[in-house]
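# Fold and contact review
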Amino acid sequence: SSWNLLSDVRERKRQGFSVILSVLTSKKDPSVYWAEIAVSVDGKAVALVDKGGYLWGGTSDFKTCETEMDLQSTAKVLAMEWGAKDFFVLVMEKLIFVKGFGKHWCKYPGKLGCCLQPEVDGLRLVSNTTSEFIHRVTSQSLAVLRIGSMEPGALLNDAFKEYEGDESHKADEYIRFIKDKLPDAILQCIKAAGEEFEPALQQSLLRSARFGKGFLGPEISSEVVNEFVEMCHHLRVLNSVRMEKIGVPITLRQYYRLSTGVLTDRLINRELYPVALEICNYLRVPNVDGEVKILRQWAIKKVKDKTIQDKTAAEIIIHRLKNTNVIVPFAEIARCAKEEGRKELASLLLDHEVHAREQVPLLMEMRKADLALDKAIESGDPQLG
């Protein structure tokens, strides 16, 4: 029989887990065993396939069936995972099968040596040479980009294309047709741009939105303006981390769920300090959560690099941290150097700490009482006496 783990939503705060064992035999044919079982990311749905190719999907308590289908194939299922909450993917030897709730399904040619990774809004298909993302097309993208769509966003996008093609009279007709719904059309184009991975298509949709903004004049709402500016900022960040040399191909919805702080933490863990710094400065992240944190982690990495001599490491760190517009706590970096057994480096760094209350206690721990006394007297702080 097949089995899988199901996270218990009620016990998630306590990191509880319960084990689901699939029903031993298929619902279609009691003589056939289930071959694979997959649990959705939120733990509320499961999908099962038996050795005869019968596919069943429904709630995790097995009481409600959302979809079932006969694949008409006895090929071995190599992997099966859920994407988001409403579709799942099966990988077989010669094909990849995608099944959603209801009657919708599609299939693609198989790939050797690929694996599936569930995401909150889709599924990542990783092979030896590619990383592909399978997800359901959003309503905003369908409204704007579907062939023959009469949604305001689609007509605004068509109007901008006609305007670019020197057919201004046709563009005027489109704008007049959606005049009362122009704010909705602009928001649809903005949101559709956020769902796209291709920068060229993002730019085209955002230009359509900007084209529509010009017809609103002073009546334009703050919601439209803020949505446009924020989307431009977010897409610029996402496009930079999606580049091949960085390799963080997250979607806009994943970015919103993670937050900027988590994204920069991941870049720091991969030692991509310049990229993390550029993102924080571009988004104007507060210094404590942005530049100070990144520079502190960079300096600690230098401290832990034992291939660099103490004096050289001190020169590199001091030169970098002194040429910034923020105050980085040298005492914290010096404490790390002390814990690494690099007392000379700790002493050199600690000499540049501007807060005596952080400096003096660490000097005492390093058994430099005379120097600690001098620093306490220089500070004029009676609490350090």
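Residues numbered from 1 in each chain as written. Predicted model: local features only at pLDDT ≥ 70, side-chain atom pairs only at ≥ 80, totals over all residues. Heavy atoms only, no water.

The condition is simple: UniProt positions are given in the numbering used here, feature names are shortened, and annotations may be inferred rather than shown by experiment.
As recorded by an unreviewed UniProt entry, the chain carries the name Vacuolar protein sorting-associated protein 16 homolog and is attributed to Geodia barretti. The annotation that UniProt attaches to the chain under Sequence similarities (unreviewed entry) is "Belongs to the VPS16 family."

### Comments concerning helix 10 (residues 291-304)
Note the threshold: A run of H or I in DSSP counts as a helix once it spans at least four residues, and a run of E counts as a strand once it spans at least two, with each numbered from the N terminus. What a helix is expected to span follows from its residue count: subtract one and scale by 1.5 Å. When accessible area is computed with a 1.4 Å probe and restricted to protein chains, residues below 20% of their type maximum are described as buried, those above 50% as exposed, and intermediate ones as partly exposed. The contact criterion used is simple: two residues touch if any of their non-hydrogen atoms lie within 4.5 Å.
When the terminal C-alpha atoms of helix 10 are compared, their 20 Å separation across 14 residues agrees well with the 20 Å that a helix rising 1.5 Å per residue should span. Counting buried residues along helix 10, 10 of its 14 residues qualify, which places the element largely inside the surrounding structure. Tucked inside the fold, the buried residues of helix 10 contact helix 8 (260-269), helix 9 (273-282), helix 11 (310-322), helix 12 (330-339) and helix 13 (343-350).

### Quick word on the packing of helix 10 against helix 11
Heads up, the rule is: Angular values range over 0 to 180 degrees, each being the angle between N-to-C directions of two axes fitted as lines to C-alpha atoms, with helices fitted over their stretch in contact. Under this scheme an angle from 65 to 115 degrees is roughly perpendicular, one under 35 degrees roughly parallel, and one over 145 degrees roughly antiparallel; angles in between are oblique. The nonpolar class holds Ala, Val, Leu, Ile, Met, Phe, Trp, Tyr, Cys and Pro. Asp, Glu, Lys and Arg form the charged class, and all remaining residues, Gly among them, are polar.
Their axes nearest at 10 Å, the elements helix 10 and helix 11 cross at an angle of 170 degrees. When the interaxial angle is binned, helix 10 and helix 11 end up roughly antiparallel. Across the interface between the two elements, Leu295, Trp298, Ala299, Lys302 and Val303 of helix 10 pack against Ile316, Ile317, Arg320 and Leu321 of helix 11. Split by residue class, the contact of helix 10 with helix 11 holds seven nonpolar, no polar and two charged.

### Notes on the pattern of salt bridges
Test applied: By salt bridge we mean one thing: a side-chain nitrogen of Lys or Arg within 4 Å of a carboxyl oxygen of Asp or Glu.
Following the criterion strictly, the structure yields 10 salt bridges and no others. Where Asp86 meets Arg136, a salt bridge forms, and the shortest distance between an N and an O atom there is 2.9 Å. Within this pair, whereas Asp86 is found in the loop between strand 7 (77-83) and strand 8 (87-92), its partner Arg136 is found in the loop between strand 13 (131-134) and helix 1 (139-145), the two being separated by 50 residues in sequence. Judged by its relative accessible area of 43%, Arg136 is partly exposed. Arg253 is paired through a salt bridge with Glu195; the nearest N and O atoms lie 3.5 Å apart.

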